[in-house]
Amino acid sequence: MPSDRPAHCVIVIVGGGPRGTGVLERILAHESVISDPSPVTVHVVDPFPAGAGRIWRGSQAPLLWMNSTSADVTMFTDETTVVTSPIRPGPTLAEWVAANRDELATHTEIADEVPGVTPASFASRSLQSRYLTWAFDSAVDNAPDHVDVRVHRQTATDVVDNGRTQSVHLDNGEILDATVVLLTQGHPDALPAPRETRLADFASDHGLTYVGPGYTADLDADVIPAGEPVLVAGLGLAFIDWMVLLAETRGGRFERSDDGTLHYTPSGREPLLYAGSRRGVPYHSKISYSIADARPPLPRFFTADLIPGDGLLDFRRDIWPPASKELAGAHYHELFASHPDRTVGSWEEFDSEFSSLPWGSPRLTELVENTVPKPEDRFDLERLNRPLGGERYDGLAQVQTRLGEYITADVARRSDQYFSADAAVFSALLSVYMTVGELLRRGRIPAKSVAEDVEGRLHSFFSFIASGPPPERLEQLLALNEAGVVQFLGPDTAFSTEIDPANGAGLFVARSASHTDIVATRTLIEARLPVASISTSADALLRNLHGRGEAVELRATEDSAAKLAVDGTSRILNQDGSAHPRRFAAGPWVAGHNWSAAFPRPRTNAGFFRHNDALAAEVLSTCAPFR
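Conventions used here
- Just so you know, the residues in each chain are numbered from 1, in the order the chain's sequence is written.
- In view of the model being predicted, local features appear only for residues whose pLDDT reaches at least 70, and side-chain atom pairs are presented and counted only at 80 or more, with totals across whole chains, interfaces and linings using the full set of residues.
- Excluded from the side-chain calculation are hydrogens and water; included are all heavy atoms of the structure.
- Note: pLDDT gives the predictor's confidence per residue, expressed from 0 to 100.
- We call two residues in contact when some of their heavy atoms are within 4.5 Å.
- Any two strands between which DSSP finds at least two bridges are classified as paired.
- Numbering of helices and strands runs from the N terminus; a helix is a DSSP stretch of H or I covering at least four residues, while a strand is a stretch of E covering at least two.
- Here an angle of 0 to 180 degrees is reported between the N-to-C directions of two axes, which are lines fitted to C-alpha atoms, with helices fitted over the stretch in contact.
- Expected helix span is given by 1.5 Å per residue-to-residue step, counting one fewer step than there are residues.
- When a residue's accessible area, from a 1.4 Å probe over protein chains only, is under 20% of the maximum for its type it is buried; when over 50% it is exposed; and in between it is partly exposed.
- For salt bridges, the criterion is a side-chain nitrogen of Lys or Arg within 4 Å of an Asp or Glu carboxyl oxygen.

A. How the structure looks around the confidence of the model for the protein chain. Per-residue confidence for the protein chain gives a mean pLDDT of 93; residues scoring 70 or more make up 98%. Contacts of residues 1–5 to residues separated by more than four positions or lying in other chains number 14 contacts, the stretch itself having pLDDT below 50.

In C-alpha cells:
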C-alpha cells in the first residue's frame, strides 16, 4: 500500500502521447541543470506505445495522413523558443526521415512511402508514430542520472488522495505512489450522448446502420454497405479519413491524366456518400507555399498586456475586436508588402491611420475601401467563416456545380502566392490563439466564455481556416464527386430520422436550408470526434474524479463539449472552486488548451514548448518539499 510520504519526488504522467512526451522532455531539461539534484522518478502510464500514444499509434492504415507537412512538424525546441529550461534542438520529421530513410524502408507498412518523403510531404500517421516514439526514447536516453523514467503499458483507472501523496490505480491492480499527477490523455472517448443513443436505438429498431462519432482509425469501415446511399454528417478532417477509406480500401484508384487532373476509377464496391455540414464546405486546403515568406510583425494589436485592467473580460466586447484587427492588420501588411499594385498609397500612410482606428468603425471601413480598390482583396471575416452564407440553389445538381467550383478555386488559391495575404492571416491566427492562452493563464476569461467562445467559436474558426487537409485530399474529393461517389448536400444541413407512415420503415434524412431536395438513406455516419465530456467520459479516471467532486467540466450548451476546468497553472479545479495543489492536466480535452497545438511548427516560438515548459516548472516546484 502507498505510504503517507514518498522517499523522493514521484511524478506520474497519465498519457504517453505527444503532450505527455513534450512535458516529460521539459521536465528532464529542467532537471539537467539543477544545482543540487536529488532522486526523481517519473512514471508514464499509457496502454499504447509511449511517444505516439493511441491517436498516433503505428498500427493505423498508411492511407491516413497527417495534415501538416513533414517540414512543419517537430518535437524539439530551437533558437526561437522562449523557455526557462535549456534548449534541446532536434530534427523535424522531414529531417529525421531523411537521416533514417534506409532503416525506415525496412518496415513493410511504410516501405512504399519512405523513399518519396520530402519536406513538403504529408506523411502517414504510421510514419509519424515512429518519429514520436524515437523522440520519447531520445528524451529518456538523455535523462539526467538522478531521474528514473518508467513506462507502464496499462490504463490508469483512478487517482485517489492519500494525505500528502496520491495513489494512481492501474487496470492490472498496481498502485503507483505519486507526489504529483499530470493527466495528458489526449482525446479520450466519451460514452454515447443522449442524441447518439437515440440514433443507435432507432437504427437497431429499424434494421439500419449508424456509425457514431469516433476516431476513424478505430472504427469498422466494413459495416458501410457497398453501392448504397449513405449520409455523412460533417465535412471536416474525420470526413476526409472516411472518404479515403471508403474509396481506396474498396478497390478504387486515383490516377492523374496528362494535364495533371486527378481522376477516380470506381471499383463498384464504394457507397454513395451524401455529405453535409453547417458551413457546407470542407476545411480550407493547407497552404502549399512558404508561410514564413509572408509572416508580418506579430503581435501588434492583440496582446495580453494591451488589454487594460486585471478583471474578467467579455469575449465579444474586449477580445474579439482587437483579435479581428490583428488578423486584418496582418492581411493588409502582406498585401502592401508583396502586392503594392493592388493598393493605393504607401503602407506607412495606411498603417498610421489603421493602427489608431477602432475595429469595426465606419472610418476604418472607409479607409480600406479607399486604399484597397478590389473587394476581393479586402479582409472579410464573415466571408472567411461562411463562404457560402446566404446562397440558395435549385437543387442537389446545382450544389455539385457550386461546390466543385468552390473547392477547385480553394485548392488553386492556397497554392498561389498571389493570395499570400492568406498566409499572413494564418500566422496571425496562431498569434491570436497564443494571446488567448495567456489571458486564460491570467484568469481573465470567465468559465462560460471559455466553453462558449474559446472552445466553441474561436476553435471552430481556427480549425476551418488553418487546420485543413492536404491539397491532394481536396483534389481526391473533387475526383470522387466527379465519379459520383461523393455528393454534397449544401450548407446548413440538418440530419434527422423519419418513419414512413405507409409501411413503418425508418430512414435517416438530410435537409439543407439552401435548397428543397431531401436525401433519405439506411446508413448514417457521424464524421466527427466524440464531443468531449468529463462526467460521461469513457475514461474511468475522469469519471471517477468528476463523481467525487474533484473535477469540473465547462460546457456552453447541453450539446456542446464539456471539457476539464483548470486554473492558469493547469491545476485541476475541484467543484468547490479550489485547485488541487499537486494535480495537473493538459491537452485538447482541457478547457482553453487548444491554443497550444499538439505539433509545433519549427522556428516559431511555438506555444506547445512554452506551455510544456511552464507546466514542467510548476510540476517540479510542487515536488520541492519532497526533495
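B. Local environment of the sheet that holds strand β8 (residues 209–211). With parallel pairing, the 5 strands of this open sheet are ordered in space as β8-β17-β9-β12-β13. Among the strands making up the open sheet, the edge pair consists of β8 and β13 (486–488). Between one strand axis and the next, the sheet turns through 20° on average, direction left out of account. Pairing of strand β9 (residues 229–233) with strand β17 (residues 523–526) involves 3 bridges; the strand directions are parallel. What sits directly across from L231, in β17, is L524. Contacts from helix α11 (residues 396–413) reach β12 (272–276) and β13 within the one sheet, and its direction differs from that of β13 by about 100°.

C. Representation of helix α14 (residues 471–482) within the structure. Taking 1.5 Å as the rise per residue, α14 with 12 residues should run 16 Å; its terminal C-alpha atoms sit 17 Å apart, in good agreement. Listing the buried residues of α14 in full gives P471, R473, L474, Q476, L477, A479, L480 and N481. Looking at the buried side of α14, the elements it contacts are α6 (237–248), β10 (253–256), β11 (262–265), α11 and β13. Residue G484 follows α14 closely and has a positive phi angle near 85°.

D. A look at the pattern of salt bridges. Under the criterion given, the structure shown has 38 salt bridges. The salt bridge partner of R256 is E475, with a shortest N-O separation of 3.0 Å. With R256 in strand β10 and E475 in helix α14, this residue pair connects regions lying 219 residues apart in the sequence. With a closest N to O distance of 2.8 Å, R442 and E438 form a salt bridge. Its relative accessible area of 40% is what places R442 among the partly exposed residues. We classify E438 as partly exposed; its relative accessible area is 23%. Each of D158, D161, R548, E550 and R583 takes part in a single network of salt bridges with overlapping partners.

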